[in-house]
Amino acid sequence: MFKAFVVKKRMIQLLLVTFALVIAAGVFIKWNGARTVSSEPTETRVFELVTGEFKSKTEDGREIESYVWSPGTIVVNKGERTELRISGVNGISHPFVIKELGIEGEVIKGKTTKITFTPQEEGIFPILCLTHTDMHSGGPMVGYIVVED
Ligand SMILES: [Cu+2]
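Residues numbered from 1 in each chain as written. Predicted model: local features only at pLDDT ≥ 70, side-chain atom pairs only at ≥ 80, totals over all residues.

A. Looking closely at the nonpolar core. If you look at the biggest cluster of nonpolar residues, it comprises 16 residues, and the most contacted ones within it are Trp 69, Phe 96, Ile 127, Cys 129, Met 141 and Ile 145. Within the residue set of this core, elements represented by two or more residues are β2 (63–70), β4 (82–87), β8 (123–129) and β9 (142–148). Here this core takes four residues from β8, the largest share from any one element. Excluding residues within four positions of it along the chain, Trp 69 makes contact with Leu 49, Thr 51, Ile 127, Met 141 and Gly 143. (Core = buried A, V, L, I, M, F, W, Y, C linked by C-beta atoms within 7 Å. Buried ≥ 20, exposed ≤ 12 C-beta atoms within 10 Å, placed from the backbone. Helix = DSSP H or I, 4+ residues; strand = E, 2+ residues; numbered from the N terminus. Contact = placed C-beta atoms within 7 Å.)

Written as structure tokens, this is what we have:
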């Protein structure tokens, strides 16, 4: 009689523990789902860019060239998660900086560099190639990220 009671008590304890675990799992899943919903918007606006090159000859026969970001201007929305995928076509390497967004990177021929940011301020932010800065070095290679409200 006493032994049977102990077994029953243990079974009840086991049931209670199982019940508590199921509730805890349910609460965790719900909390996890709610957290996903309330976090930053997961949608990302994607822009595809390439590195291009302009070539020409001056009247006295001198070769001139300038590397470019193409497209050279991108309009993004303030507060919107944005991804730039920049593929290197012309030029071996383009180390770049977008100072106002705190972004540094490099685009290499045949590869795609991805950068993501969520601009918090409106304005026009240059994307500057650090190698091709002026006409003497194959530039100026500068693009503009226009952040609108
Ligand atoms: Cu460059």
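From this point, things continue past the structure.
B. The environment of Pro 140, seen in detail. Tracing the backbone through its elements, the reader meets Pro 140 in the loop between β8 and β9. Overall, Pro 140 belongs to the partly exposed group, with 15 C-beta atoms counted inside 10 Å. Between the C-alpha atoms of Pro 140 and Leu 128, which are twelve residues apart in sequence, the distance is 8.4 Å. With residues up to four places along the chain from it excluded, the contact list for Pro 140 reads Thr 133 and Asp 134.

C. View of the environment of Phe 96. Take Phe 96: it is sitting in strand β5 (residues 93–98). Expressed as a C-alpha distance, the spacing of Phe 96 and Leu 128, which sit 32 residues apart in the sequence, is 5.3 Å.

D. Looking closely at the pairing of β2. Here eight bridges tie strand β1 (residues 45–57) to β2, and the two strands are oriented antiparallel to one another. In the sheet register, Gly 52 faces β2, and the bridge partner there is Val 68. Between β1 and the antiparallel strand that follows it, β2, lie five residues; Gly 61 among them carries a positive phi value of about 85°. (Pairing = 2+ DSSP bridges.)

E. Summary view of the sheet that holds strand β6 (residues 103–108). On the basis of which strands lie adjacent, the open sheet formed by five strands has the order β3-β9-β8-β5-β6 and mixed pairing. Edge positions in the open sheet fall to β3 (73–77) and β6, since each of these has one partner strand only. Going across the sheet, the axis of each strand differs from the next one's by a mean of 25°, ignoring polarity. Sheet analysis places β8 next to β9, joined by six bridges and oriented antiparallel. Among the inter-strand pairings, Gly 123 is bridged to a residue of β9, identified as Val 147. (Axes fitted to C-alpha atoms, helices over the stretch in contact; angles between N-to-C directions.)

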